[in-house]
Structures are given as structure tokens and as C-alpha cells.
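# Structural overview
What follows is the residue order along each chain.
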Amino acid sequence: MIDYLTFLATVVFVFYAFICGACFGSFLNVVVWRLPRKMPILLARSHCPRCKNDILASDNIPIWGWLRLKGRCRNCQERISIKYPLVEFAVAILFAILFLLIVVMHGVTLPQGWLGKHYGGWLSEFPRCPLFAFSLHQMVLGYILLAIALIDEDRMKSPWRILIFGCLLHVAFAYWKPVVGQIDSPLAQINGLNIPSLTFFDAMKYSLLGGVTGAIFGGLSRLCKVPHQSGNALQQQILLGIFLGPIVATWASVIAASSLAAQIVSNRFLKNRSTQVTGLPLQIFCAWLLILLTWRWWPMIDTSAFLT
Ligand SMILES: [Zn+2]
């Protein structure tokens, strides 16, 4: 039986997540350009890099503004890179997919224990369900990981402020719903409809363990002299560990390192010296997304020995 209210709410909320994502994506373009150059992020208005004219608010609408002007400045016809609408679209899709998979579909791709334990439609338990908190938590994480990856692709150094900002947000989330950072922790497996009563202290312990694990892998990538700025990857690995715990930090580092190795080997094999490899941070972002979409099928690793 189709519940029309739930269907309508699904369409509205996923669309809303898409629009929010597009706006945050537009802001991400600003952050990626200004943050490594130590420019003020919030105060200054955007302007065309050639004619220095301020960009009209109506031309600054995410994705649509670029399409309407056909990728050129309104005053001087200077080309505006397609990178900007692409970033906006990517964040919009990311937010919509995270909301759909985690909230509407009750986290189908999350580790066992979170699956099939919800009997009602998602709307009946919205917004009390911890999965809603988890979806917002992952939007924040993905956004910061992507910000560092884009800064790294510009060959710039991402400031450490970004890591501190992320940690503060995670602490706030963990205070709200302590389970968000420990979805894969053995302590967090739900029985029946009982969501385990994890405390804020449990959450901080798991985050600390994850942060240290991430720092170890980040330190290794520094030693191996990865392309671009190795400090950027270190920030991401610490952040992944803090947000999602030691297991995800480990898997993401292994996936990203293998994909980087595959790129380097294939470049050497093809004797293609002009092809640049992408930086490690972009691959860590992709690894995070891959894990989130396939998490249920990864082997369970028992970390309870470290936690009790
Ligand atoms: Zn211009």
C-alpha cells in the first residue's frame, strides 16, 4: 500500500536536501578559493576576477546562474569555469543521496544491526530517529572532506582551522546523539528496536581511538611522500577517524593508498609522463563515499577489546 503522505514528504525532503546541497556547494566554491589564501570568507562579496564587478545576487543562484549566463561574466564576457556549477551539483546530489539512503531507506547500506529494524515509514519517527542525526553528521563530514580535496587539487595547503572546526561540530553531534560516530562499533549494534544507550563519554573514546588511527595512517602517507600536500591527507584521515572511528579510518586509508598506487603504476607502465595523478585527498573523499554506500558488506571487525 502506498502511503501518499510519506511519498509526498519523501519528494519534498529529498528536493529540499538537493537545494540545500546546491547552496552549500556554492559556498564551498568560496571556501576553497578564499580559505587557503587567508581571505575573509563571509564578508566580501563575490566579484569577477577580470573586470572586478560584483556578481549580481540573481546571477549567483547555484547551477542555474551559470547556465543562464552560459558560463560567461555578464559585464566582460570572461569565461567562468564549469568547475563551479559542477561542485554545486556534486554537493546537491551528495546531500540528496545521503538523505535518501540514510533517512528514507533507514540506512540500507549501513552495517548489520541498523538494517530492517524500523517497521514504520521514515516519517513516523522523523526527526527523533538517530539515523536523521547520522545523515546530517555525514553531510558535514563529506562537505569538509570535499573542501580539503578541492583545496588539494588546487595545489594549496588546507589550514588546520578546518580540522578544529570539524572536531567541534562532531562533538556537538556526539552530545546530541552519541551513536552517530559509532555506527560500526560492536557496542552500537541494536537489538530489536532497542537503540543502545551509549553515552557521550563512549562516543569521545571511540572518536579518540579513530583520530589516533587516522593520524598514524596520515603520518605514513607523509613518510611515503605522496603527491601534492601530504598535510591535507593527514587532516582528512584524522577527521575520518574522529567522525567514524578507527575501522573506517583504516579502510579508507587502505582504499585510497591502493587507488593511488594503481594510478602511479599504470602511468609508469604506459610511460605517460604528462598525466598527473590526482592527490590523495580526492581519493580519500571517494573512499569515504564508497564505504558509506557499501558498508553493510564489509567484514565486521571487533574493537570491543579497546573500548572496555
Ligand atoms: Zn567580468
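The sections below set out a description of the structure shown in this document. (Residues numbered from 1 in each chain as written. Predicted model: local features only at pLDDT ≥ 70, side-chain atom pairs only at ≥ 80, totals over all residues.)

## Digging into the overall build of the protein chain
To be explicit about the condition: Numbering of helices and strands runs from the N terminus; a helix is a DSSP stretch of H or I covering at least four residues, while a strand is a stretch of E covering at least two. We call two residues in contact if the C-beta atoms placed from their backbones are at most 7 Å apart.
The number of helices and strands found in the protein chain is 10 helices and zero strands. Seen in sequence order, the protein chain has helices and strands lined up from the N terminus as α-α-α-α-α-α-α-α-α-α. Pairs at least 24 residues apart make up 72% of the contacts formed inside the protein chain by residues separated by at least 6 positions.

## As for helix α5 (residues 161-176)
This is how it is decided: The span expected for a helix works out to 1.5 Å for each residue beyond the first. Exposure classification rests on a simple neighbour count of other C-beta atoms within 10 Å of a residue's own: a residue reaching 20 or more is buried, one at 12 or fewer is exposed, and one in between is partly exposed. C-beta atoms are placed from the backbone. Note that the arc is defined by the directions from the helix axis to the C-beta atoms.
Between its first and last C-alpha, α5 extends 23 Å over 16 residues, near the 22 Å set by a 1.5 Å rise per residue. Within α5 the residues assigned to the buried category are Ile 162, Gly 166, His 170, Phe 173 and Ala 174. For α5, the angular spread of the buried residues around the axis is 105 degrees, confining them to a single face. The exposed set on the far side of α5, more than 90 degrees from its buried face, consists of Arg 161, Ile 164, Leu 168, Ala 172 and Tyr 175. The inward-facing, buried residues of α5 contact α4 (130-153), α6 (200-223) and α7 (230-244).

## A closer look at the nonpolar core
Threshold: Remark: nonpolar core denotes a set of buried Ala, Val, Leu, Ile, Met, Phe, Trp, Tyr and Cys residues whose joining runs through C-beta atoms within 7 Å.
Membership of the largest hydrophobic core comes to 70 residues, with the highest contact counts inside it found for Phe 95, Leu 145, Ala 147, Ala 252 and Ile 284. Of all the secondary-structure elements, those providing two or more residues to this core are α1 (4-34), α3 (83-104), α4, α5, α6, α7, α8 (246-269) and α9 (280-294). If sequence neighbours within four positions are ignored, Phe 95 has contacts with Ala 17, Phe 18, Cys 20, Gly 21 and Met 139.

## Topic: α9
For α9, which comprises 15 residues, the first-to-last C-alpha distance of 21 Å matches the rise-based estimate of 21 Å (1.5 Å per residue) to within 8%. Buried within α9 are the following residues: Leu 280, Pro 281, Leu 282, Gln 283, Ile 284, Phe 285, Ala 287, Trp 288 and Leu 292. Next to the buried residues of α9 lie α4, α6, α7 and α8.

## Topic: unusual backbone geometry
Here the phi dihedral of Gln 77 falls at roughly 60 degrees; this positive angle occurs in a residue that is not glycine. Considering the arrangement of structural elements, one finds Gln 77 in the loop between α2 (64-68) and α3. The exposed category is assigned to Gln 77, around which 12 C-beta atoms lie within 10 Å.

## A closer look at the packing of α6 against α8
Packed helix pairs are specified by the crossing angle of their axes together with the interaxial distance, meaning the distance between the axes. Basically, it comes down to this: Throughout, an axis means a line fitted to C-alpha atoms (over the contacting stretch in the case of helices), and angles, computed between N-to-C directions, take values from 0 to 180 degrees. Here the angle decides the label: under 35 degrees means roughly parallel, over 145 means roughly antiparallel, 65 to 115 means roughly perpendicular, and every other value means oblique. Should the near helix be turned anticlockwise from the far one by less than a right angle, the crossing is left-handed, and should it be turned clockwise, the crossing is right-handed. Asp, Glu, Lys and Arg are counted as charged, while Ala, Val, Leu, Ile, Met, Phe, Trp, Tyr, Cys and Pro are counted as nonpolar; the rest, among them Gly, fall into the polar class.
One way to put it is that α6 packs onto α8 with a least axis distance of 7 Å and a crossing angle of 20 degrees. One element, α6, and the other, α8, form an angle in the roughly parallel class. The crossing of α6 and α8 is right-handed. Residues Leu 209, Gly 210, Thr 213, Gly 214 and Phe 217 of α6 lie in contact with α8, whose contacting residues are Pro 246, Ala 249, Thr 250 and Ser 253. Of the residues assigned to the contact of α6 with α8, the class counts are four nonpolar, five polar and no charged.

## Describing the environment of Phe 24
Structurally, Phe 24 is set in helix α1. Counting along the chain gives 71 residues from Phe 24 to Phe 95, while the straight-line C-alpha distance between them is 9.6 Å.

## Observations regarding the packing of α7 against α9
Where α7 meets α9, the axes come as close as 8 Å, and the angle between the chain directions of the two elements is 20 degrees. Overall, the two elements α7 and α9 adopt an arrangement that is roughly parallel. Relative to α9, the crossing made by α7 is left-handed. Counting all contacts with α7, which are made through Asn 232, Ala 233, Gln 236, Gln 237 and Leu 240, the residues of α9 involved are Leu 280, Pro 281, Ile 284 and Trp 288. A per-class count over the contact of α7 with α9 returns six nonpolar, three polar and no charged.

## Here's the deal with the environment of Lys 157
Residue position: Lys 157 is located in the loop between α4 and α5. Of the residues examined, Lys 157 has 15 C-beta atoms within 10 Å and is grouped as partly exposed. The spatial distance from the C-alpha of Lys 157 to the C-alpha of Pro 36 is 6.1 Å, given a sequence separation of 121 residues.

## Quick word on the environment of Ser 46
Along the polypeptide, Ser 46 turns up in the loop between α1 and α2. For Ser 46, a count of 16 C-beta atoms within 10 Å corresponds to the partly exposed category. Measuring from C-alpha to C-alpha, the distance between Ser 46 and Leu 56 comes to 8.8 Å, with 10 residues separating the pair along the chain. If sequence neighbours within four positions are ignored, Ser 46 has contacts with Val 30, Ile 55 and Asn 60.

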